[in-house]
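One-letter residues, chain by chain:
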Amino acid sequence: MSLLEIFDPAASPRPIGIDLGTTNSIVARLRDGAPDAIRDCDGEALVPSAVFYDRTGRVVVGREAQRMAAAHPTDTIVSVKRFMGKGADDAETRRLGTYEFASPTSPEEARSVRFRVAPERVVTPVEVSAEILRALHQLAEDELRSVGPAVITVPAYFDDAQRQATKDAGRLAGLEVLRLLNEPTAAALAYGLEQKQNGLFAVYDLGGGTFDVTVLRLEDGVFQVKSTGGDSALGGDDMDRALAEVLLRAMAVTVDASVASRELVRLALDAARQAKHALTERDAVELTLPVKGGEETTVRVTRAAFEELVAPIVAKTGVSCRRALRDAGVRAEELDGVILVGGSTRVPYVRRYVAELFGKEPLANIDPDLVVAYGAAIQADILAGDSHRADEILLLDVLPLSLGLETMGGVAEKVLPRNTTIPAGAKQVFTTYADNQTGFELHIVQGERELAADCRSLARFTLRGIPPVAAGMARLEVTFKVDADGLLTVSAKELTTGLEQHVEVTPSYGLTDAEVEEMLLDALDHGEEDMQKRQLAERKVEGARILQATRGALEKDGDLLDADERARVLAALDDLATALESDVSARIQGRVDELDAATKGWAGRRMDRAIGQAIAGKVLDEVDASVAHARGVEAHVDEHARRR
Amino acid sequence: MSDAFAVLGLEPRFDLEPAALDARHRALSAALHPDKFAGSAATERRLALGKAIEVNEAYRALRDPVKRAECLLAARGVPIGDGAEPRPPAELLMEIMEVREELAAARRAKDLPALERLERAMRTKEQATTAALTQGFAAAGGAVELLAALLPELGKLRYYRRFFEELEAAMDELST
């Protein structure tokens, strides 16, 4: 049956889940209701997150790129995830590594890390990540033929800039990104479906470059995140670096910017990683390494020595775990289980540490490398509307880091505290401090520190067009909205005039929409033409989805329409159905807009009904129960009557 | 903010069952979360998002005893906020000053156990104040004067909460 599906040219696009990891990336989908990773021709599910740029302009992703890293340390980007959403001056660029960074020539360029690669190219982390996503998409297409929209996972502790960068990478890769899903939540979803057990869980997710801990409650299909914490620059890479530094000393290498030095650093990092893997099974390994002058040296690394080296790194995770428990108002002994996620949780020392920290043996029965992609595939299936699970499952996630505004004296005032359930919103009213002031600047920051300068700067918003009045008279209402992806948007309104204010956004980090658009055009062979094709395909999928959703709503809530409205909705539905047969993108969009207008009032009434039903839910259940009971009595009476 | 109790369709009372609040929030989220509208038309998506945000805001408010009390008082027309409330009594200010000094000393000495002792002691006081408010709200019914008489207790709770924020920051600082 699956063979038929694969080769059916009219097969509907299948949603996919992507774990875009620091070290490895995975694409998964649902097969017969169960998540399954898509494997390459060698049967490998793990695609190394390595991108090699060769001298001819060719780009290679995955295992082959990883093999090039040793000989081309500056042209092969591994662990690009750690640079996502980071500025050119970020501390990450100064850690032990092999890259050549392009120094920024303008403030715009300084908003993103830029790698200098062959052939004289400069690429941003968003572009590098997009290459990985493209390769995963291709892998999925080889198997599924027609690939639908995607859910991409991100570390729960990713801030707004890192999330935005991930979403941009998805867009650049030509994916329709349905949702950014937090990795620990994705893992919990995969476990929750397998175990079918309600309770309070902690997810400990130590990956190649990031650490997350999430405390969540699972109750009847609702996964409610209570708190999350972590470090978006802590992971297996840091273990490798710690060991590599020891190895480099044994090799008598002084690290500098030369190519020779970079090659040796790459060699030491790779040797360290292999040693780390080997030490999972063995008590000691011997590494043969080159020293200056063509000699070789043998370094013996015991498991005990390795553990001593990584202990301070692992100890950092404990701090985040304790805080997450405190934020959730939960004691470790109240947890029903601890779930291990991420390749770095294979390190025996990490497992012992987690068991001791939480006072229980952690669960690792689903492959910690694949579990996040599994969760993403399940969520993609639900969001794409194909799943019977859509009504049974709900993920309620939180904002990982407080959002705030810089106020007088450089203090960060929190507008939305960390661990607020998303989507979330808040309003804040400001006034002008000078007569006839017509502009206003807001500095948005994210983080827990008291001073704005110590938090992460997200953006500066300039409001213009405030009516010129005396100081303190204007009333500016600024609205923060965080959507289900954890992404922030800000809008402003002048309350005395009711005018929406024009908001100019200058992101502190990352790319502007225009920059992504331009990259998108560059990336496609036939620029405009390809773009239009893609847009048409997306519009068709969206139009079909809306058609289906509206028909479903007619069945469920058709009684909320009067005759006129019903006629208009039905006509708009027919028009959209006809437009979908055409290949005119603008026409489809026009019909979608018309349907939207025709269903506006109805949508409001349906929403009110849904709210009413949710509130009355318990009462309804009780009524149902009493009806059932009453029927039972009738049945008794009938039976009695028959017997007579 | 609109009345949080009304948004969640809950009877306005201070001694709200946390389990009932959670269950109502879950039920409303299941109806309104953006995930449930992934395939819907733009207007409907926007509407649902707005409602989902409102529900989450109300949930956040009612989970917090201070905001919950404020909602109840505001709904009955008791003026709250700066200027409208009686000034904190000198004993409270003294008490807060003393514990803040203790906090600062423990922070300087990097004495985590001392911070934890301080936290336990203050949590006990916080619980006593919450209990007093619970009783007060129950006894007041809807009587505005009786409700207004609860303002000093609410003021205490706000001071304690601010203290806990500082304490938490100190604990974070010491454990990193």
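Everything numeric here is computed off the predicted structure, so don't read it as measured data.

Digging into the overall build of chain B
A count of helical and extended segments in chain B gives 8 helices and 0 strands. Element order for chain B, N to C, with α for helix and β for strand: α-α-α-α-α-α-α-α. Against the globule reference of 16 Å for 176 residues, chain B gives a C-alpha radius of gyration of 20 Å, more extended than a compact globule. Structurally, chain B occupies a C-alpha span of about 60 × 45 × 30 Å along its principal axes.

Focus: the confidence of the model for chain B
For chain B, per-residue confidence averages 90 on the pLDDT scale, and residues scoring 70 or more make up 98% of the total. Helix H1 (residues 4–8) of chain B holds the highest mean pLDDT among the elements of chain B, 94, whereas helix H8 (residues 151–175) of chain B holds the lowest, 88.

Structural notes on the domain arrangement of chain A
All names here are of chain A. Considered domain by domain, chain A is made up of domain 1 (2–235 + 312–396), domain 2 (236–311), domain 3 (403–512) and domain 4 (524–644). Taken over C-alpha atoms, the centre of domain 1 sits 27 Å from the centre of domain 2. Listed per partner, the contact involves 25 residues of domain 1 and 20 residues of domain 2. Going through the elements one at a time, helix H8 (303–328) and helix H9 (348–358) are the ones with two or more residues in the side of domain 1 that touches domain 2. Broken down by element, the side of domain 1 that touches domain 2 gets its largest block of residues, 4 residues, from H8. For the side of domain 1 that touches domain 2, the per-class residue count stands at 12 nonpolar, 11 polar and 2 charged.

Concerning the interface of chain A and chain B
With 37 residues of chain A in contact, the opposing surface of chain B contributes 31 residues. Residue assignment for the side of chain A that touches chain B shows that the elements contributing at least two residues are H8, helix H10 (371–383), strand E18 (394–396), strand E21 (424–430), helix H12 (527–557), helix H14 (585–598) and helix H15 (600–643) of chain A. It is H15(A) that provides the largest number of residues to the side of chain A that touches chain B, a total of 10 residues. Each residue belonging to the side of chain A that touches chain B can be placed in one class, and the counts come to 20 nonpolar, 10 polar and 7 charged.

Overview of unusual backbone geometry
Residues and elements named next belong to chain A. Here Ala118 and Pro119 are connected by a cis peptide whose omega angle stands at -15°. Considering the arrangement of structural elements, one finds Pro119 in the loop between strand E8 (115–117) and strand E9 (121–123). A cis amide bond links Ile422 with the next residue in sequence, Pro423, at an omega value of 5°. For Pro423, the location among the structural elements is in the loop between strand E20 (412–416) and E21. Although it is not a glycine, Arg145 adopts a positive phi angle of roughly 70°.

Some points on the packing of helix H4 (residues 160–172) of chain A against helix H11 (residues 513–523) of chain A
Residues and elements named next belong to chain A. Axis separation between H4 and H11 bottoms out at 10 Å; the angle between their running directions is 30°. Judged by the inter-axis angle, H4 sits roughly parallel to H11. H4 and H11 meet at a crossing whose hand is right-handed. Along the contact surface, H4 presents Asp168, Arg171 and Leu172, while H11 presents Val516, Met519, Leu520 and Ala523. In terms of residue class, the contact of H4 with H11 is made up of 5 nonpolar, no polar and 2 charged.

Focus: the sheet that holds strand E26 (residues 499–500) of chain A
Residues and elements named next belong to chain A. Pairing is antiparallel in the open sheet, where 4 strands are placed in the order E21-E24-E25-E26. The outermost strands of the open sheet, each flanked by one partner alone, are E21 and E26. Pairing analysis gives 2 bridges linking strand E25 (residues 488–494) to E26, with the strands arranged antiparallel. Within E26, the residue paired with Lys493 across the bridge is Glu500.

Some thoughts on the domain arrangement of chain B
In terms of domain boundaries, chain B breaks down into domain 1 (4–63) and domain 2 (90–175). On a C-alpha basis, the centroid separation for the pair domain 1 of chain B and domain 2 of chain B is 29 Å.

Re the nonpolar core
All names here are of chain A. Core analysis: the biggest nonpolar cluster contains 189 residues, and Ala268 and Ala373 have the highest contact counts within it. Setting aside its immediate chain neighbours within four residues, Ala373 contacts Gly17, Ile18, Asp19, Ile26, Val27, Ala28 and Ala37. Within the second largest apolar cluster, 10 residues are counted, among which are Ala572, Leu576, Val592 and Leu595.

Concerning the sheet that holds strand E17 (residues 337–341) of chain A
Residues and elements named next belong to chain A. Pairing in this open sheet of 5 strands is mixed, and the strands run E17-E12-E13-E14-E18 from one edge to the other. Each edge of the sheet is formed by a strand with only one pairing partner; in this case those strands are E17 and E18. Direction aside, neighbouring strands of the sheet carry axes that sit 25° apart on average. Lying over the sheet, H8 contacts strand E12 (199–206), strand E13 (211–219) and strand E14 (222–231), oriented at roughly 140° with respect to E14.

Some words on H14(A)
All names here are of chain A. Between its terminal C-alpha atoms H14 stretches 20 Å, which fits the 20 Å expected from 14 residues at 1.5 Å a residue. Considered for burial, the residues of H14 that qualify are Ile588, Arg591, Val592, Leu595, Asp596 and Ala598. Down the axis of H14, the buried set is contained in an arc of 165°. They therefore lie on one face.

Description of the confidence of the model for chain A
Residues and elements named next belong to chain A. Per-residue confidence for chain A gives a mean pLDDT of 87, with 93% of residues at or over 70. Element-level pLDDT for chain A is lowest in helix H1 (residues 2–7), with a mean of 45, against a maximum mean of 97 in strand E4 (residues 47–48). When the criterion is pLDDT under 50, residues 1–7 qualifies, and its contacts beyond four places in sequence or with other chains add up to 2 contacts.

Some words on the pairing of strand E19 (residues 403–406) of chain A
Residues and elements named next belong to chain A. Where E19 meets E20, 4 bridges bridge the pair, whose relative direction is antiparallel. For Glu406, the partnering residue across the bridge sits in E20 and is Ala412. Hairpin connection of E19 to E20: 5 residues between the antiparallel strands, including Gly409 at a positive phi of 80°.

Parameters at a glance
- Residues numbered from 1 in each chain as written.
- Chains lettered and ligands numbered in written order.
- Predicted model: local features only at pLDDT ≥ 70, side-chain atom pairs only at ≥ 80, totals over all residues.
- Helix = DSSP H or I, 4+ residues; strand = E, 2+ residues; numbered from the N terminus.
- Rg over C-alpha atoms; globule rule 2.2 N^0.38 Å.
- pLDDT = per-residue confidence, 0-100.
- Domains from an automatic or database assignment.
- Contact = placed C-beta atoms within 7 Å.
- Nonpolar A, V, L, I, M, F, W, Y, C, P; charged D, E, K, R; others polar.
- Axes fitted to C-alpha atoms, helices over the stretch in contact; angles between N-to-C directions.
- Parallel < 35°, antiparallel > 145°, perpendicular 65-115°, else oblique.
- Left-handed = near helix turned anticlockwise from the far one by under 90°.
- Pairing = 2+ DSSP bridges.
- Core = buried A, V, L, I, M, F, W, Y, C linked by C-beta atoms within 7 Å.
- Buried ≥ 20, exposed ≤ 12 C-beta atoms within 10 Å, placed from the backbone.
- Expected span 1.5 Å × (residues − 1).
- Arc of directions from axis to C-beta.

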